Amino acid sequence: MWIDKQSPEIFHALNGVALAVRNAAAAADLDRAVMELVNVRVSQLTGCPFCLDLHTRAAREAGVTQQQLDVLPGWQRSPYLFTELQQAALSVAETVTSLPDEESMAREYAAARQHLSDDQMSVLIWAATAIGAFNRASIVSKHPVRVRKEN
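Residues numbered from 1 in each chain as written. Predicted model: local features only at pLDDT ≥ 70, side-chain atom pairs only at ≥ 80, totals over all residues. Heavy atoms only, no water.

Q: Give a description of helix α7 (residues 102-113) that names residues and reports values.
A: In this model α7 runs 16 Å from its N-terminal to its C-terminal C-alpha over 12 residues, within 8% of the 16 Å that 1.5 Å per residue would give. Within the sequence span of α7, burial applies to S104, M105, Y109 and A112. Seen end-on, α7 carries its buried residues on one side only, within an arc spanning 125 degrees. If you follow the buried residues of α7, they end up packed against α6 (84-98) and α8 (118-141). (Helix = DSSP H or I, 4+ residues; strand = E, 2+ residues; numbered from the N terminus. Expected span 1.5 Å × (residues − 1). Buried < 20%, exposed > 50% of the residue type's maximum accessible area, 1.4 Å probe, protein only. Arc of directions from axis to C-beta. Contact = heavy atoms within 4.5 Å.)

Spelled out as structure tokens, the structure:
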């Protein structure tokens, strides 16, 4: 069962959250590339193939390089490929997705806040939460990844 089709009003509400996150990101000076890096990284952590397919393409369109996408699982060991802002955003995304113990979460948030405003921090937490919800809806619905011709 595709839950997005079974309960479309809930799916539309989730899309509304995603739109609000996108608008808040723009207002907080978080560019589309940063937001797509977050979407891809959370999707990697949850293992959502549909969202990975969708958001890796969106990330490239937003200016994320193929090299950045290739090494994204090892971003913490690749500091020269990612700006401090991107690293802070990825740290927030991973923290929200994994929900570590309180001490670890506080430590990660404190480090990220050195590079993020309150608005940016809030938007990134909401972004990771929203893509995580989409990931789960897609995984449980078993949305297929369709083969497409590569350019």
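Q: Explain unusual backbone geometry to me, and be specific about the residues and the numbers.
A: Even without a glycine there, the phi angle at D29 is positive, about 60 degrees. Assignment of secondary structure puts D29 in the loop between α2 (8-27) and α3 (32-46). With a phi close to 45 degrees, L99 is a non-glycine residue in the positive phi region. Tracing the backbone shows L99 in the loop between α6 and α7.

Nothing here speaks to function; it is geometry throughout.
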